[in-house]
Amino acid sequence: MKVLIINGPNLNLLGKREPEIYGNVSMEDYLEKLKSEFSSHEILYYQSNIEGELINRLQEDDFDAVVINPGAFTHYSYAIADCLKNIQKQKIEVHISNIYKREEFRQKSVTAACTDAVLSGFGMDGYRLAILSLK
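Residues numbered from 1 in each chain as written. Predicted model: local features only at pLDDT ≥ 70, side-chain atom pairs only at ≥ 80, totals over all residues. Heavy atoms only, no water.

Under the UniProt annotation, "site: Transition state stabilizer" (unreviewed entry) lies at Arg17. Within the secondary structure, arginine 17 sits in the loop between β1 (2-7) and α1 (19-22). Leave out the neighbours within four places in its chain, and arginine 17 touches Asn10, Leu11 and Tyr22. (UniProt positions renumbered as here; feature names shortened; annotations may be inferred. Helix = DSSP H or I, 4+ residues; strand = E, 2+ residues; numbered from the N terminus. Contact = heavy atoms within 4.5 Å.)

Working note: α-helix, 3.6 residues per turn, so residues spaced by three or four point in the same direction. Every buried residue of helix α5 (residues 125-133) is accounted for by Gly126, Tyr127, Arg128, Ala130 and Ile131. Buried residues along α5 sit in contact with β1, α2 (27-37), β2 (42-47), β3 (65-69), β4 (90-95) and β5 (117-120). (Buried < 20%, exposed > 50% of the residue type's maximum accessible area, 1.4 Å probe, protein only.)

Right, let's get into the UniProt feature "binding site: substrate" (unreviewed entry) in the protein chain. Under the UniProt annotation, the feature "binding site: substrate" (unreviewed entry) is placed at Asn69, His75, Asp82, Ile96, Ser97 and Arg106. Taking the farthest pair of C-alpha atoms as the criterion, the annotated set spanning 38 residues is dispersed, since that pair is 24.0 Å apart. Leave out the neighbours within four places in its chain, and asparagine 69 touches Ile6, Asn7, Gly8, Leu11, Val94, His95, Ile96 and Tyr127. Inspection of the secondary structure assignment puts serine 97 in the loop between β4 and β5. When neighbours within four sequence positions are excluded, serine 97 is seen to be in contact with Ile21, Arg102, Ser120 and Gly121.

Written out as structure tokens, the structure reads:
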């Protein structure tokens, strides 16, 4: 199974950005762990700070399932929501922190309704749990 992991804005700073919230492991290091644990899957990774680039990548249709952390776009990107709505594959939204324990504006996800499931607050392990849940 080809699993595409998509990360939105500022997630290129994982391991450096607010380690008390996001931890101190980079996504690159965590990807190595995922690829080792899920060696029977092909794990693709894409990150961008630009909304349109994320949409373009999702529309490439070269994957079997998507695990997406839209970052701040979670809260207001109807364009990403519309894109997800049109993908007829398994889609899981992941948030490293528990968005419901954060600022009020972070507690609403406009993209979640266009996915099959949401994992929030499991740290980086949310990506692993998302892959485990794929059928």
